Amino acid sequence: MTVIESPLGYIDNISTDGHAQMKTGQLFDMADRLNNPGKNLINGIELRGKKFLSVDQRRTLCWFCRAVGKQLMFHHFQSKGDSPAEASDKAGENTLGFGDLGLTIALAHGVPDNTIPLFRCGGNVSLNGQTVNWVPLFPNATGS
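Residues numbered from 1 in each chain as written. Predicted model: local features only at pLDDT ≥ 70, side-chain atom pairs only at ≥ 80, totals over all residues. Heavy atoms only, no water.

### Some words on the overall build of the chain
Here's step 1: Per the secondary structure count, the chain includes 6 helices and 2 strands.
Here's step 2: If you list the helices and strands of the chain from N to C, you get α-α-α-α-α-α-β-β.
Here's step 3: Evaluated residue by residue, the chain yields a buried proportion of 31% over its 144 residues.
Here's step 4: Residue pairs at least 24 apart in sequence account for 42% of intrachain contacts in the chain once pairs closer than 6 positions are excluded.
Here's step 5: Split by element, the accessible area of the chain, about 8,900 Å² in all, is 54% carbon and sulfur. (Helix = DSSP H or I, 4+ residues; strand = E, 2+ residues; numbered from the N terminus. Buried < 20%, exposed > 50% of the residue type's maximum accessible area, 1.4 Å probe, protein only. Contact = heavy atoms within 4.5 Å. Areas by Shrake-Rupley, 256 points an atom, 1.4 Å probe, with all protein chains shown as cover.)

In structure tokens:
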């Protein structure tokens, strides 16, 4: 895959490490999957939340979204037929949505798969000793 620089610059959410990987042609693997998204991307919560939330608030929000998102993605993958082990592995790689991008967007016609799972997935989640049935924030906006 080739990434072409736009006249406006690189994509907002590529980190400094990601820019270096892109320049050496190592941002993507042979299957065109992003290498090391946790290091090469700035997730949507960090990127868009900078204007409104402190560093501690963003850190707490990311922790919460990852803790709950992993459980919601586990349910999602199991509902698609994955074994518990497969679902756990995939959920661990996609705690902030597919590709671990952590998008925080919803559209009138749907919610992208890369959006944080709290927006589009539901199921039982446990946190700090309490279990709740999480209802997606946009339950009818996705086919997930």
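### Concerning the packing of helix 4 (residues 55–79) against helix 5 (residues 84–93)
Here's step 1: Running from N to C, helix 4 and helix 5 point in directions that differ by 135 degrees, and their axes come no closer than 8 Å. Relative to helix 5, the element helix 4 is oriented oblique. The crossing of helix 4 and helix 5 is right-handed. On the side of helix 4, the interface is formed by K70, M73, F74, F77 and Q78, while helix 5 contributes P84, A87, S88, K90, A91 and G92. (Axes fitted to C-alpha atoms, helices over the stretch in contact; angles between N-to-C directions. Parallel < 35°, antiparallel > 145°, perpendicular 65-115°, else oblique. Left-handed = near helix turned anticlockwise from the far one by under 90°.)

### A word on the pattern of salt bridges
Here's step 1: Applying the stated criterion to the full structure yields 3 salt bridges.
Here's step 2: Ionic pairing is found between D56 and R59, a salt bridge with its closest N-O pair at 3.2 Å. Placement of the pair is D56 and R59 together in helix 4, with a separation of 3 residues, close to one helical turn.
Here's step 3: For D82, the salt bridge identified is with K90, shortest N-O distance 2.9 Å. (Salt bridge = Lys/Arg side-chain N within 4 Å of Asp/Glu carboxyl O.)

### Focus on the packing of aromatic side chains
Here's step 1: For the structure on display, the rule yields 2 aromatic pairs.
Here's step 2: Aromatic pair F77 and F98: ring centres 5.7 Å apart, planes at 90 degrees, arrangement edge-to-face. Within this pair, whereas F77 is found in helix 4, its partner F98 is found in the loop between helix 5 and helix 6 (117–120), the two being separated by 21 residues in sequence.
Here's step 3: A relative accessible area of 23% places F98 in the partly exposed class.
Here's step 4: Both rings, one in F119 and one in F138, keep their centres 5.4 Å apart while their planes meet at 55 degrees; by these two values the pair is tilted. Taken as a pair, F119 in helix 6 and F138 in the segment after strand 2 (130–134) lie far apart in primary sequence, 19 residues in all. (Phe/Tyr/Trp six-rings, centres within 6.5 Å; stacked < 30°, edge-to-face > 60°.)

### So, the environment of K90
Here's step 1: Along the polypeptide, K90 turns up in helix 5.
Here's step 2: For K90, a relative accessible area of 35% gives the class partly exposed.
Here's step 3: Sequence-wise, K90 and K70 are 20 residues apart; in three dimensions their C-alpha atoms are separated by 8.9 Å.
Here's step 4: Apart from the residues lying within four places of it in its own chain, the contact partners of K90 are F77 and D82.

### Remarks on the pairing of strand 2
Here's step 1: Burial of strand 2 is sparse: only 0 of the 5 residues sit out of reach of the surface.
Here's step 2: As defined by bridge partners, strand 1 (residues 123–127) adjoins strand 2 across 5 bridges and the pair is classed as antiparallel. Within strand 2, the position partnered with L127 by the bridge is Q130.
Here's step 3: Count of turn residues in the strand 1/strand 2 antiparallel hairpin: 2 residues, of which N128 carries a positive phi of about 50 degrees. (Pairing = 2+ DSSP bridges.)

### Things to note about the side chain of D100
Here's step 1: Within the secondary structure, D100 sits in the loop between helix 5 and helix 6.
Here's step 2: Among the residues examined, D100 registers a relative accessible area of 11% and is labelled buried.
Here's step 3: In this structure the side chain of D100 is engaged in a polar contact, spanning 2.8 Å, whose partner is the backbone nitrogen of L96.
Here's step 4: Sequence-distant contacts of D100, that is, excluding residues within four places in its chain, are made with R66, E93, N94 and T95. (Polar contact = N/O pair within 3.5 Å; in protein donor to acceptor, adjacent residues only side chain to side chain.)

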